[in-house]
Amino acid sequence: GVPVSGVFSGMPADEAGIAAGSVITAVDGTAVTSATQLSSLIAKQAVGDKVTIDWTSETGAAQSATVTLVGGPAA
């Protein structure tokens, strides 16, 4: 999985419950093993697409939610 260092308040990941300390484990059923792979899976999508994200919360609970992708701030 890929650890989450932080999310932007009010954005879809935040609204789904993904938070700093969570670990993303899959995108649309594809297991995620690296940050590079996660970026690649998301890059194949377009703004407005819906994807299912699976993660383990900071408390260790397995979670899943469908989120709508939005444009983010430039890195």
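Residues numbered from 1 in each chain as written. Predicted model: local features only at pLDDT ≥ 70, side-chain atom pairs only at ≥ 80, totals over all residues. Heavy atoms only, no water.

Enquirer: I tried to follow the overall build of the protein on my own but got confused; where do I start?
Expert: In terms of regular secondary structure, the protein is built from 2 helices and 5 strands. Traced from its N-terminal end to its C-terminal end, the protein shows the element sequence β-α-β-β-α-β-β. Relative to the compact-globule value of 11 Å for 75 residues, the protein shows a C-alpha radius of gyration of 11 Å, a close match. On the principal axes, the C-alpha backbone points of the protein span a range of 30 × 25 × 20 Å. (Helix = DSSP H or I, 4+ residues; strand = E, 2+ residues; numbered from the N terminus. Rg over C-alpha atoms; globule rule 2.2 N^0.38 Å.)

Enquirer: So what exactly am I meant to see when it comes to the side chain of serine 57 here?
Expert: Turning to its location among the elements, serine 57 is positioned in the loop between β4 (50-56) and β5 (62-68). With a relative accessible area of 13%, serine 57 lands in the buried category. The contacts of serine 57, once residues within four sequence positions are left out, are Gly21, Ser22 and Gln63. (Buried < 20%, exposed > 50% of the residue type's maximum accessible area, 1.4 Å probe, protein only. Contact = heavy atoms within 4.5 Å.)

Enquirer: Would you explain the pairing of strand β2 (residues 23-27) in this entry?
Expert: Side-chain direction in a regular strand flips from residue to residue, so the side chains alternate between the two faces of the sheet. Where strand β1 (residues 2-3) lies against β2, 2 bridges are found, and the strand directions are antiparallel. Within the sheet, the bridge partner assigned to valine 2 lies in β2 and is isoleucine 24. Alignment of β2 against β4, held across 4 bridges, turns out to be antiparallel. Bridging from a neighbouring strand, isoleucine 24 pairs with tryptophan 55 of β4. (Pairing = 2+ DSSP bridges.)

Enquirer: Is there a simple way to think about the environment of proline 12 in this case?
Expert: Position of proline 12 relative to the elements: it lies in helix α1 (residues 12-16). The spacing of proline 12 and threonine 30 is 18 residues in sequence and 20 Å in space, taken between C-alpha atoms. Excluding its chain neighbours within four sequence positions, the residues that come into contact with proline 12 are Val67, Thr68 and Val70.

Enquirer: Where do I start with unusual backbone geometry in this structure?
Expert: Excluding glycine, a negative phi dihedral is what most residues carry, and trans is how most peptide bonds are arranged. You will see that aspartate 28, though not glycine, has its phi angle at about 50°, which is positive. Under the relative-accessibility criterion, aspartate 28 is labelled partly exposed at 42%.

Enquirer: Hey, could you run me through the nonpolar core in this one?
Expert: General note: in soluble globular proteins, nonpolar side chains tend to be found buried as a group. Counting 14 residues, the largest nonpolar core has Ile24, Val27, Val32, Leu38, Val51, Ile53 and Trp55 as its most contacted members. Of all the secondary-structure elements, those providing two or more residues to this core are β2, α2 (35-43), β4 and β5. (Core = buried A, V, L, I, M, F, W, Y, C linked by side-chain atoms within 4.5 Å.)

Enquirer: Explain the environment of alanine 26 here, please?
Expert: Looking at the secondary structure, you find alanine 26 in strand β2. Residue alanine 26 is classed as buried on the basis of its relative accessible area of 7%. Along the sequence, alanine 26 and aspartate 14 sit 12 residues apart, while their C-alpha atoms lie 17 Å from each other. Residues within four places of alanine 26 in sequence aside, it is in contact with Ala31, Val32, Thr52, Ile53 and Asp54.

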